[in-house]
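Next come the chains, spelled out residue by residue.
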Amino acid sequence: MTPRTLEMALSTPSLDREGRPISIPLGVAGRGDPEDEFGAEPMLINIGPQHPATHGVLRLVVELEGETVVRCIPHIGYLHSGFEKLGEYRHYNQIIPLTDRTDYLSPMANNVCLALGAEKLMGIEITERCTVLRVIACEMSRIISHIVWLGTTGIDLGAYTPFLWTFYERERIYNLQEAWTGARLTTSLTRVGGMMADVPDGFEAGLREFCRTFPKSLDEVDTLFTRNGIWCGRTQGVGALSAAEAINYSLSGPMLRASGVDYDVRKDRPYLGYDSYDFDVPIGEHGDIYDRYRVRLEEMYQSTRILEQALDRLAKLKGAPINVDDPRVILPPKSRAMSDMEAMIFHFKQVMEGVPAPAGEAYMGIENPKGELGTYFVSDGTAKPVRWRIRPPSFINLACLPRLCEGALLSDVIAINASVDIVMGEIDR
Amino acid sequence: MSPASSVAALRAAFGPALLRDRVTCGDTVVWVDASRSRDILAWLKDTPGQEFNYLTDVTAVDYRDPERPLEVVYQLRSLARRTDLRLKIPLDKSAPLEVDSVVDLWKGADWLEREVFDMFGVRFRGHPDLRRILMWDTYAEGHPLRKDFPLRGHFTRAEQTRQALAANPEAHYSIEELSIAEAFDELPEDVRQRLAKGERGYVK
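Asker: Account for the overall build of chain A, naming residues and giving values.
Answerer: Looking only at helices and strands, chain A features 17 helices and 8 strands. A globule of 429 residues ought to have a C-alpha radius of gyration of about 22 Å, and chain A, at 23 Å, matches this closely. Projected onto its principal axes, the C-alpha positions of chain A cover 90 × 45 × 35 Å. Across chain A, contacts joining residues at least 24 apart in sequence account for 70% of those joining residues at least 6 apart.

What follows is the structure in structure tokens.
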């Protein structure tokens, strides 16, 4: 591991060189001294579920010795909605609105994951324009999700200005999303075998303008954070995880890459033609909060690159179909359904009976902003899945929170929790 | 090395414990005997040439056909070889649903196995902290993702409301957490004894 070029004396190290937690006694509570009344007594603190720094309804019970965390016990499930159970009672296309509400900071990418899973199960090849549109949806989601992460994590650590700047940018990309899907959260953008809609007029110009100006705004945030003494002090060496441990904890996404594991589903198990795009995957080295920040920041620049390339391809595919040419899967246009007998029958069959999938099972993982989002379908040949499983990236990433918090200070728990980038809608499902 | 050669190597090493294998939608799936599942998973993780070092997911499937066994599903991945393998353990529903835990192999299995226990009622032998995770500890209606569990739950809406109102709002801490706090000394004797025996769960 190379030493950092930028290291601040303010840092509150939580791990020593061998990776063992260091306890730092602060204040009156001396440590391990049985004579000391305050020091001998562990303290139990409850954070959440209604606490702004837990990013939703997460509850942490923290055992403290002085100001050092001995143990952290997370409690989840406050937002459990039984999505997976509901999915067993719905047609494949009817599940798509449920995925909006899982990771509600990147609904479009969730829609794409579900559609890809169902298509893998049914053996459907989507059209080229649809592929490019889905790449745009995924990368827009990545920017939206990371930019919210950046702003709110700044707030958690006391930086208010970047939050205003990032949310200004977020508003611009949300306007584009709204123009395309008609919604800010409940996008339901994809359909099995295609898309709900093509991009509207003016969308491409708007997204190009965003891609041109967004990196400049990111540069400004970079100026505020990357060499900021307080930011470095609060994040460097805090909540660090080695590469071997990150793999053992099944982490994925920026959490895994910040620890130095070169794994990105887009590169290593390419889907949607990601292998034909030119982009880099940032890898961290120290696995601490600072590296997670650097990885996510760089991913936004890379997403902008992918978006620009996708826009070029989209212009070449102007007028190409977005849906597969298969009336069993794709609804006929409404005008034809009202005038053409056959189209009406197909419309009726699809709405009433759904699209049957052949008996079998399929797992499809995509690189979501939070990590690897998986859709696992098991079908018995009917139009409704026997089992619909979401592999929730933030659920699995959060599971290592007790390990990350061991030996950290209480105030670092907030920073570590923020660095995991959790969305409770996905964790509790 | 492709997943197919992993299947051949598994068959050579474990023989009859490998019940069957299949390729579906491009994914390789193997069914293994529950009694050997942990050995097989450890073998797949550590054997050179296999190195399935990344546990992508743990879940379970309950089929609509009540005769069909419930299946616990492990999605394995080798990060170095970029290969996936799905391992399934069929569990006969007439016997207690039990498999060996793999938390000691992959720490990431901790919460995933707790979720399978919560949602399907499969007990993982050797799991250090097997309690409900998405539902609350006193949840009495059963395991929601089982097919014999109705969509709206076993209890009526009135019963669910009654139970919610009757719940003791103070009982939000587990015994384990109370043991840390000074409240431990104020616990009733029987609860302290349950705690001393290593029992987990909420104070009723």
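Asker: Give a description of the overall build of chain B that names residues and reports values.
Answerer: Helix and strand counts for chain B stand at 6 helices and 7 strands. Taken from N to C terminus, the helices and strands of chain B fall in the order α-β-β-α-β-β-β-β-α-β-α-α-α. A total of 204 residues make up chain B; the buried ones form 33% of that total.

Asker: Any details on the sheet that holds strand β2 (residues 59-65) of chain A? Residues and values, ideally.
Answerer: All names here are of chain A. Read across the sheet, 3 strands follow the order β1-β2-β3 without closing on themselves; strand pairing throughout is antiparallel. Each having just a single partner strand, β1 (43-47) and β3 (68-75) make up the two edges of the open sheet. Direction aside, neighbouring strands of the sheet carry axes that sit 20 degrees apart on average. With 7 bridges connecting them, β2 and β3 associate as antiparallel partners. Among the inter-strand pairings, Leu 64 is bridged to a residue of β3, identified as Val 69. Taken strand by strand, helix α16 (residues 410-420) contacts β2 and β3, and its axis lies near 145 degrees from that of β2.

Asker: Requested: an account of helix α13 (residues 341-353) of chain A, with residues and values cited.
Answerer: With 13 residues, α13 of chain A extends 18 Å from end C-alpha to end C-alpha; this agrees with the ideal 18 Å at 1.5 Å per step. Of the residues flanking the end of α13 of chain A, it is Gly 354 of chain A, one or two places downstream, whose phi is positive at about 80 degrees.

Asker: Before we move on, can you summarise the packing of helix α5 (residues 161-181) of chain A against helix α6 (residues 203-225) of chain A with the specific residues and values?
Answerer: All names here are of chain A. Two elements in contact, α5 and α6, have axes separated by 10 Å at closest approach and are oriented at 165 degrees. When the axes of α5 and α6 are compared, the pair comes out roughly antiparallel. The two elements α5 and α6 cross, and the hand of that crossing is left-handed. Facing α5, whose interface residues are Thr 161, Pro 162, Trp 165, Thr 166, Glu 169, Arg 172, Ile 173, Leu 176, Ala 179 and Trp 180, α6 presents Phe 203, Gly 206, Leu 207, Phe 210, Phe 214, Ser 217, Glu 220, Val 221, Leu 224 and Phe 225. Class assignment of the residues belonging to the contact of α5 with α6 gives a composition of 13 nonpolar, 4 polar and 3 charged.

Asker: Residues and numbers for the sheet that holds strand β2 (residues 27-32) of chain B, please.
Answerer: Residues and elements named next belong to chain B. Ordered by their spatial adjacency, 5 strands build an open sheet running β1-β2-β5-β4-β3, and the pairing between neighbours is mixed. Strands at the two margins of the open sheet, each flanked by one partner only, are β1 (18-24) and β3 (54-61). Averaged over all neighbouring strand pairs, the angle between strand axes comes to 20 degrees, with direction disregarded. Of the strand pairs in this sheet, β2 and strand β5 (residues 83-91) are connected by 3 bridges, and their pairing is parallel. The residue bridging Trp 31 from the neighbouring strand is Lys 88, located in β5. Contacting β1, β2 and β5, helix α1 (residues 3-14) crosses the sheet at an angle of about 15 degrees to β2.

Asker: For the interface of chain A and chain B, give the residues involved together with the corresponding values.
Answerer: On the chain B side, the residues contacting the 38 residues of chain A number 31 residues. Of all the elements in the fold, those that place two or more residues in the side of chain A that touches chain B are β2, α1 (83-87), α3 (107-122), α8 (243-248), β6 (360-367), β7 (372-379), β8 (387-391) and α14 (393-398) of chain A. Counting residues per element, the side of chain A that touches chain B draws most heavily on β6 of chain A, at 5 residues. A class-by-class count of the residues in the side of chain A that touches chain B yields 18 nonpolar, 8 polar and 12 charged.

Asker: Go over helix α2 (residues 37-46) of chain B, please, and point to the residues and values.
Answerer: Residue and element names in this part refer to chain B. Where α2 is concerned, the buried positions are Ile 40, Leu 41 and Leu 44. Summarising the axial view, the buried residues of α2 lie within an arc of 95 degrees, below the 170-degree limit, and thus occupy one face. Considering only its buried residues, α2 is in contact with α1, β2, β4 (70-78) and β5.

Asker: I'd like a rundown of the environment of Glu 367 of chain A, residues and numbers included.
Answerer: Residue and element names in this part refer to chain A. Topologically, Glu 367 is positioned in strand β6. Given 27 C-beta atoms within a 10 Å radius, Glu 367 is considered buried. Residues Glu 367 and His 80, spaced 287 residues apart in sequence, show a C-alpha to C-alpha distance of 24 Å. Residues in contact with Glu 367, not counting those within four places in the same chain, are Gly 253, Asp 264, Val 265, Arg 266 and Glu 372.

Asker: Outline unusual backbone geometry, supporting the account with residue identities and numerical values.
Answerer: Residue and element names in this part refer to chain B. One non-glycine residue, Cys 25, adopts positive backbone phi at about 50 degrees. Position of Cys 25 relative to the elements: it lies in the loop between β1 and β2. Note on Cys 25: 20 C-beta atoms within 10 Å, which makes it buried. For Glu 51, which is not glycine, the phi dihedral falls at a positive 50 degrees. Among the secondary structure elements, Glu 51 is positioned in the loop between α2 and β3.

Asker: I'd like a rundown of the nonpolar core, residues and numbers included.
Answerer: The biggest cluster of nonpolar side chains holds 157 residues, and the ones touching the most others in it are Val 112, Ala 137, Val 413 and Ile 416 of chain A together with Val 116 and Val 122 of chain B. Residues contacting Ala 137 of chain A, with those up to four places away along its chain left out, are Met 108, Ala 109, Val 112 and Leu 189 of chain A.

Asker: How would you sum up the confidence of the model for chain B? Please name residues and give values.
Answerer: Summary statistics for chain B give a mean pLDDT of 83 and a share of 86% for residues scoring 70 or more. Reported confidences for the modelled complex are a pTM of 0.84 and an ipTM of 0.83.

Asker: Break down the confidence of the model for chain A for me, with residues and values.
Answerer: All names here are of chain A. The pLDDT averaged across chain A works out to 86; a share of 90% of its residues lies at or above 70. The spread of mean pLDDT over the elements of chain A runs between β1, the lowest at 83, and α3, the highest at 93. Counting interchain partners and residues more than four positions distant, the pLDDT-below-50 stretch residues 25-32 has 18 contacts.

The rules we used
- Residues numbered from 1 in each chain as written.
- Chains lettered and ligands numbered in written order.
- Predicted model: local features only at pLDDT ≥ 70, side-chain atom pairs only at ≥ 80, totals over all residues.
- Helix = DSSP H or I, 4+ residues; strand = E, 2+ residues; numbered from the N terminus.
- Rg over C-alpha atoms; globule rule 2.2 N^0.38 Å.
- Contact = placed C-beta atoms within 7 Å.
- Buried ≥ 20, exposed ≤ 12 C-beta atoms within 10 Å, placed from the backbone.
- Pairing = 2+ DSSP bridges.
- Axes fitted to C-alpha atoms, helices over the stretch in contact; angles between N-to-C directions.
- Expected span 1.5 Å × (residues − 1).
- Parallel < 35°, antiparallel > 145°, perpendicular 65-115°, else oblique.
- Left-handed = near helix turned anticlockwise from the far one by under 90°.
- Nonpolar A, V, L, I, M, F, W, Y, C, P; charged D, E, K, R; others polar.
- Arc of directions from axis to C-beta.
- Core = buried A, V, L, I, M, F, W, Y, C linked by C-beta atoms within 7 Å.
- pLDDT = per-residue confidence, 0-100.

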